[in-house]
Amino acid sequence: MVGGNIHLKDRETLSLSDVREVISFDTDYICVMSDLGKLEIEGEGMRILNMSSESGDMLVAGRIDGVFYSKVPKKKLFAK
């Protein structure tokens, strides 16, 4: 599946799909690469409860303050 889902429950539990890679994480910031680009999660006391590299599903718990996607760069057909 290309795309991805984000489900936030009570600003305390965040489930993601189509996560390809965890770039960095600590209790206040998690950065992942998904099929839709880089996703940054800001909060406090966050922890990754579950991450499946096979399915791309990820579950985060803690106080979630913000979820931000970076723009997906367009692929160049020709380079100079």
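Residues numbered from 1 in each chain as written. Predicted model: local features only at pLDDT ≥ 70, side-chain atom pairs only at ≥ 80, totals over all residues. Heavy atoms only, no water.

Considerations on the overall build of the protein chain
Across its full length, the protein chain holds zero helices and six strands. Along its sequence from the N terminus, the protein chain presents helices and strands in the succession β-β-β-β-β-β. Burial statistics for the protein chain: of 80 residues in total, 29% are counted as buried. Long-range pairs, those at least 24 residues apart, make up 40% of the contacts in the protein chain with a sequence separation of at least 6. As presented, the protein chain carries roughly 5,800 Å² of accessible surface, and 52% of it is formed by carbon and sulfur atoms. (Helix = DSSP H or I, 4+ residues; strand = E, 2+ residues; numbered from the N terminus. Buried < 20%, exposed > 50% of the residue type's maximum accessible area, 1.4 Å probe, protein only. Contact = heavy atoms within 4.5 Å. Areas by Shrake-Rupley, 256 points an atom, 1.4 Å probe, with all protein chains shown as cover.)

Looking at the sheet that holds strand β2 (residues 13-16)
Within the open sheet, the six strands sit side by side as β1-β2-β6-β5-β4-β3. Their pairing is antiparallel. Of all the strands in the sheet, just β1 (6-9) and β3 (19-25) have a single pairing partner and so form its edges. Here the strands of the sheet are splayed against their neighbours by 40° on average, with no regard to which way each runs. In this structure, β2 lies alongside strand β6 (residues 58-69), joined through four bridges in antiparallel fashion. Bridging from a neighbouring strand, T13 pairs with A61 of β6. (Pairing = 2+ DSSP bridges. Axes fitted to C-alpha atoms, helices over the stretch in contact; angles between N-to-C directions.)

Nothing here speaks to function; it is all geometry.
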